[in-house]
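Given next are the chains, with one letter for each unit.
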Amino acid sequence: MIIKGLLCLYWLIIIPIILGKFLVKKDENELLYSWIMGNILQMAIFFVCAIPLILLKKSFMTLLYIYTVIIVILTFISILVNRHKFKLNIKKRKITVFQVIAIILIFVQLFIKFEYANINNDDASFVSISTTMIQTNKMYLHSTTGAETNIIESRRALAPISAYYAVLSKLVCTHVTILTHTVLPILFISMLYGIYYYLAKKIFKEKDSIYIFLIIICFLNLFSFSIKGANRYMILYSWFGRAILAMVILPLIWKICFDAMNKESNEIMDWIKMFFTVLAGCLGTEMANALIPISLGAMAIVSSIRDKEISYLFKTLICIIPCILIGIIYLIIK
């Protein structure tokens, strides 16, 4: 149990923090933001590795080895190249009542999710497929009933989040069911509130307003009337790709848009972050191929008109290339 805990700490906390330093600017160099962007980078790298191997019908272990080697190499490179970003900047900050309430509500949600894990019938689309990969060493060549075929299930294969869970399961030596129902929900829910924190910092100037915003999000997540609503859905079924898209990927894209589509602070790094976030979004669900271009395209059009900057449209087009390619591949192999 201790060894598994240390492996989770290493692969799900330490490695993402180190990798995240590739994507954070000097003024963004905070531990939480580095961890969030590190997870996004890991998901993006996995997506790039997985798609060609799945289409070529390579074995699951091949994907595991290639992904692991790439992550390890990038980790060492990040330590060498970004060593100046590993300095801790501890600032004395006044703690407010709203901040305390927001933190308590977030930790309550994390504790409840960890202590009282729930299941869903759609686990056949995630957990069982991941388990089958580990047992058979084949990827997306089995139907949801377990029957082996020679035809790739395009809908699942082109959003290979089950393969991602299978790889993480092997890396942290934890069964996929335990990983997806207890460990990963903590990771994704923490990312959710971290992203909304940074999004609120872009919208509000006063510190209290930021935490009031988080408190409102907490209550919406806890007491939403509709289970199918994105917020409640994320809390209940955090490991679902469409929940990750709605509550993690899209809000992060909106946050990055505030920086990327801004004449005063426009930097190439913001667009690089956008591109990797789009890749990470494509990992979770095929819905990303439509929702990401629509959301990002709408923001690009509005920002282009506001700033009279047509380059936003061209840069956005580059960022959504993964969505376009996956859409084309889907039509070809369907």
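Attention in this report is confined to the structure presented alongside it. (Residues numbered from 1 in each chain as written. Predicted model: local features only at pLDDT ≥ 70, side-chain atom pairs only at ≥ 80, totals over all residues. Heavy atoms only, no water.)

Some thoughts on the overall build of the chain
Phase 1 of the analysis: Counting secondary structure elements, the chain contains 15 helices and 0 strands.
Phase 2 of the analysis: Scaling as 2.2 N^0.38, a compact globule of 334 residues should have a C-alpha radius of gyration of about 20 Å, and the chain matches this with 20 Å.
Phase 3 of the analysis: Here the C-alpha coordinates of the chain stretch approximately 55 × 50 × 45 Å along the principal axes.
Phase 4 of the analysis: Counting all 334 residues of the chain, 51% fall into the buried class.
Phase 5 of the analysis: A sequence separation of at least 24 residues applies to 71% of the contacts in the chain between residues at least 6 apart.
Phase 6 of the analysis: Element-wise, carbon and sulfur atoms account for 71% of the exposed surface of the chain, whose accessible area totals about 16,400 Å². (Helix = DSSP H or I, 4+ residues; strand = E, 2+ residues; numbered from the N terminus. Rg over C-alpha atoms; globule rule 2.2 N^0.38 Å. Buried < 20%, exposed > 50% of the residue type's maximum accessible area, 1.4 Å probe, protein only. Contact = heavy atoms within 4.5 Å. Areas by Shrake-Rupley, 256 points an atom, 1.4 Å probe, with all protein chains shown as cover.)

Focus on a nonpolar patch on the surface
Phase 1 of the analysis: Judged by side-chain polarity, Leu317, Ile318, Ile321, Ile324, Leu325, Ile328, Ile332 and Ile333 come together as a nonpolar surface patch covering roughly 720 Å² of accessible area.
Phase 2 of the analysis: The element best represented in the nonpolar patch is helix α15 (residues 321-333), accounting for 6 residues.
Phase 3 of the analysis: Looking at where leucine 317 falls in the secondary structure, it is placed in helix α14 (residues 311-319). (Patch = residues over 30% accessible without salt bridge, like charges linked within 9 Å, V, L, I, M, F, W, Y side chains within 5 Å. Salt bridge = Lys/Arg side-chain N within 4 Å of Asp/Glu carboxyl O.)

Digging into the pattern of salt bridges
Phase 1 of the analysis: Under the counting rule described, the total for this entry stands at 8 salt bridges.
Phase 2 of the analysis: Within the structure, one salt-bridge network assembled from shared partners comprises Lys25, Glu28, Lys202, Lys255, Asp259, Asp270 and Lys273.

Comments concerning the packing of aromatic side chains
Phase 1 of the analysis: In the structure shown here, the tally under the stated rule is 13 aromatic pairs.
Phase 2 of the analysis: Ring centres of tyrosine 196 and phenylalanine 213 lie 6.0 Å apart, and the angle between their planes is 40 degrees; this geometry places the pair in the tilted category. Of this pair, tyrosine 196 sits in helix α8 (residues 176-203) while phenylalanine 213 sits in helix α9 (residues 207-223), and the two are 17 residues apart along the sequence. As far as the burial class goes, tyrosine 196 and phenylalanine 213 line up, both buried.
Phase 3 of the analysis: Ring plane angle 75 degrees and centroid distance 5.1 Å describe the contact between tyrosine 197 and tyrosine 198, whose orientation is recorded as edge-to-face. In terms of burial, tyrosine 197 and tyrosine 198 fall into one category: buried.
Phase 4 of the analysis: One aromatic cluster is present, built from ring pairs that chain together Tyr33, Tyr197, Tyr198 and Tyr211.
Phase 5 of the analysis: Lying over the aromatic face of phenylalanine 86, lysine 21 brings its terminal NZ or CZ to 5.7 Å of the ring centre. (Phe/Tyr/Trp six-rings, centres within 6.5 Å; stacked < 30°, edge-to-face > 60°. Lys NZ or Arg CZ within 6 Å of the ring centre and 35° of its normal.)

Here we look at the packing of α14 against α15
Phase 1 of the analysis: Two elements in contact, α14 and α15, have axes separated by 4 Å at closest approach and are oriented at 45 degrees. Overall, the two elements α14 and α15 adopt an arrangement that is oblique. Here Leu317, Ile318 and Cys319 of α14 lie close against α15, whose contacting residues are Ile321, Pro322 and Ile324.
Phase 2 of the analysis: Of the residues belonging to the contact of α14 with α15, the class tally is 6 nonpolar, no polar and no charged. (Axes fitted to C-alpha atoms, helices over the stretch in contact; angles between N-to-C directions. Parallel < 35°, antiparallel > 145°, perpendicular 65-115°, else oblique. Nonpolar A, V, L, I, M, F, W, Y, C, P; charged D, E, K, R; others polar.)

What to know about empty space enclosed by the protein
Phase 1 of the analysis: Taken as a whole and judged by the stated rule, the model has 1 cavity of 30 Å³ or more.
Phase 2 of the analysis: Asn39, Met43, Tyr164, Leu168, Leu184, Leu187 and Phe188 are the residues that line the largest cavity.
Phase 3 of the analysis: Looking at the lining of the largest cavity, the elements with two or more residues in it are α2 (31-55), α7 (161-171) and α8.
Phase 4 of the analysis: Sort the elements by how many residues they give to the lining of the largest cavity and α8 lands first, with 3 residues.
Phase 5 of the analysis: Split into classes, the residues belonging to the lining of the largest cavity amount to 6 nonpolar, 1 polar and no charged. (1 Å grid on protein atoms, 1.4 Å probe; cavity = no way out; pocket = protein on both sides within 12 Å on 5 of 7 lines; lining within 4 Å. Points joined across faces, edges and corners; volume = space filled by probe spheres on them.)

Structural notes on α14
Phase 1 of the analysis: The set of residues buried in α14 consists of Ser311, Tyr312, Thr316 and Cys319. End-on view of α14: buried residues confined to an arc of 135 degrees, all on one side of the axis. Among the exposed residues of α14, those oriented more than 90 degrees off its buried face are Phe314 and Ile318.
Phase 2 of the analysis: Where α14 is buried, its residues touch α11 (241-260), α12 (268-284), α13 (288-307) and α15. (Arc of directions from axis to C-beta.)

As for the state of the cysteines
Phase 1 of the analysis: Within this structure, the stated rule accounts for 0 disulfides.
Phase 2 of the analysis: Sulfur of cysteine 173: no disulfide; nearest cysteine sulfur belongs to cysteine 8 and is 9.2 Å away.
Phase 3 of the analysis: Given a relative accessible area of 45%, cysteine 173 falls into the partly exposed group.
Phase 4 of the analysis: Here cysteine 319 is not cross-linked by a disulfide; its sulfur's nearest cysteine counterpart is in cysteine 257, at 8.7 Å. (Disulfide = S-S within 2.5 Å.)

So, unusual backbone geometry
Phase 1 of the analysis: Its identity as a non-glycine residue notwithstanding, tyrosine 140 has a phi of 60 degrees, on the positive side.
Phase 2 of the analysis: By secondary structure assignment, the location of tyrosine 140 is in the loop between α5 (127-136) and α6 (154-157).

A few points about the environment of leucine 220
Phase 1 of the analysis: Relative to the elements of secondary structure, leucine 220 occurs in helix α9.
Phase 2 of the analysis: In this structure leucine 220 comes out as partly exposed when scored by relative accessible area, which is 42%.
Phase 3 of the analysis: The spacing of leucine 220 and arginine 232 is 12 residues in sequence and 7.5 Å in space, taken between C-alpha atoms.

As for helix α1 (residues 2-20)
Phase 1 of the analysis: Look at α1: 26 Å from first C-alpha to last across 19 residues, which is about the 27 Å you get at 1.5 Å a residue.
Phase 2 of the analysis: At tyrosine 10, α1 shows its maximal bend, which comes to roughly 30 degrees.
Phase 3 of the analysis: Cys8, Trp11, Leu12, Ile15, Pro16, Ile17, Ile18, Leu19 and Gly20 are the residues of α1 that are buried.
Phase 4 of the analysis: Residues of α1 that are buried make contact with α2, α3 (60-81), α7 and α8. (Expected span 1.5 Å × (residues − 1). Bend = angle between axes of the 7 residues up to and from the residue.)

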